[in-house]
Amino acid sequence: MRAADYFLPRGQLLQWHGQAGQCLQVCDGLVVLEELLWVEEQLLQPSQRLGPGSCYVLHSSGWVTLTALGDAQLRLPACPPSAAPARWWARGLARVCRAAKTLGGWPLRLGQSG
């Protein structure tokens, strides 16, 4: 998902299918956020009141509803692609391997002292 800015007049709803870990920023105004959550085979829809400067991270993937209690300015920052953590892990491991080769410790031998 790409970053998006929204202006909601009082009483307007915004609904979207959010991803777990996605962030919502309230730049101005007051909104009520409702997120659908499954807890032990029960569907819950807790509501959270968010004011200016608030940031909320979605607990799980699913439908989210925002209701503007007054004129509100919102921002939905871009979400990293789901494959990003795997790429970060692979790059980090490659850097460790290069460092070990540079230091003369390749192949790594665990449990042996110099």
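The structure we're discussing is the one just above.
First things first, this report covers the structure right here in the doc. Bear in mind that the values here come from a model prediction, so they are computed numbers and not experimental data.

Reading the values: the criteria
- Residues numbered from 1 in each chain as written.
- Predicted model: local features only at pLDDT ≥ 70, side-chain atom pairs only at ≥ 80, totals over all residues.
- Heavy atoms only, no water.
- Helix = DSSP H or I, 4+ residues; strand = E, 2+ residues; numbered from the N terminus.
- Buried < 20%, exposed > 50% of the residue type's maximum accessible area, 1.4 Å probe, protein only.
- Contact = heavy atoms within 4.5 Å.
- Pairing = 2+ DSSP bridges.
- Axes fitted to C-alpha atoms, helices over the stretch in contact; angles between N-to-C directions.
- Salt bridge = Lys/Arg side-chain N within 4 Å of Asp/Glu carboxyl O.

**Topic: the environment of Gly 53**
Its place among the elements puts Gly 53 in the loop between β7 (47-50) and β8 (55-57). A relative accessible area of 67% means that Gly 53 is categorised as exposed. Placed 25 residues apart in sequence, Gly 53 and Asp 28 show a C-alpha to C-alpha distance of 7.0 Å. When sequence neighbours within four positions are dropped, the list of residues in contact with Gly 53 reads Val 26 and Cys 27.

**Notes on the sheet that holds strand β1 (residues 4-8)**
The antiparallel open sheet is built from 4 strands, whose spatial order is β1-β10-β3-β8. The two strands at the open ends of the sheet, each matched to only one other strand, are β1 and β8. Ignoring strand direction, the axes of neighbouring strands in this sheet form an average angle of 20 degrees. Of the pairings in the sheet, the one linking β1 to strand β10 (residues 72-76) comprises 5 bridges and is antiparallel in character. If you follow Phe 7 over to β10, its bridge partner there is Gln 73.

**A closer look at the pattern of salt bridges**
On inspection of all chains with the given rule, the structure shows 1 salt bridge. The closest approach of N and O atoms between Arg 75 and Asp 5, which form a salt bridge, is 2.7 Å. With Arg 75 in strand β10 and Asp 5 in strand β1, this residue pair connects regions lying 70 residues apart in the sequence.

The quantities given are spatial measurements derived from coordinates; they are silent on function.
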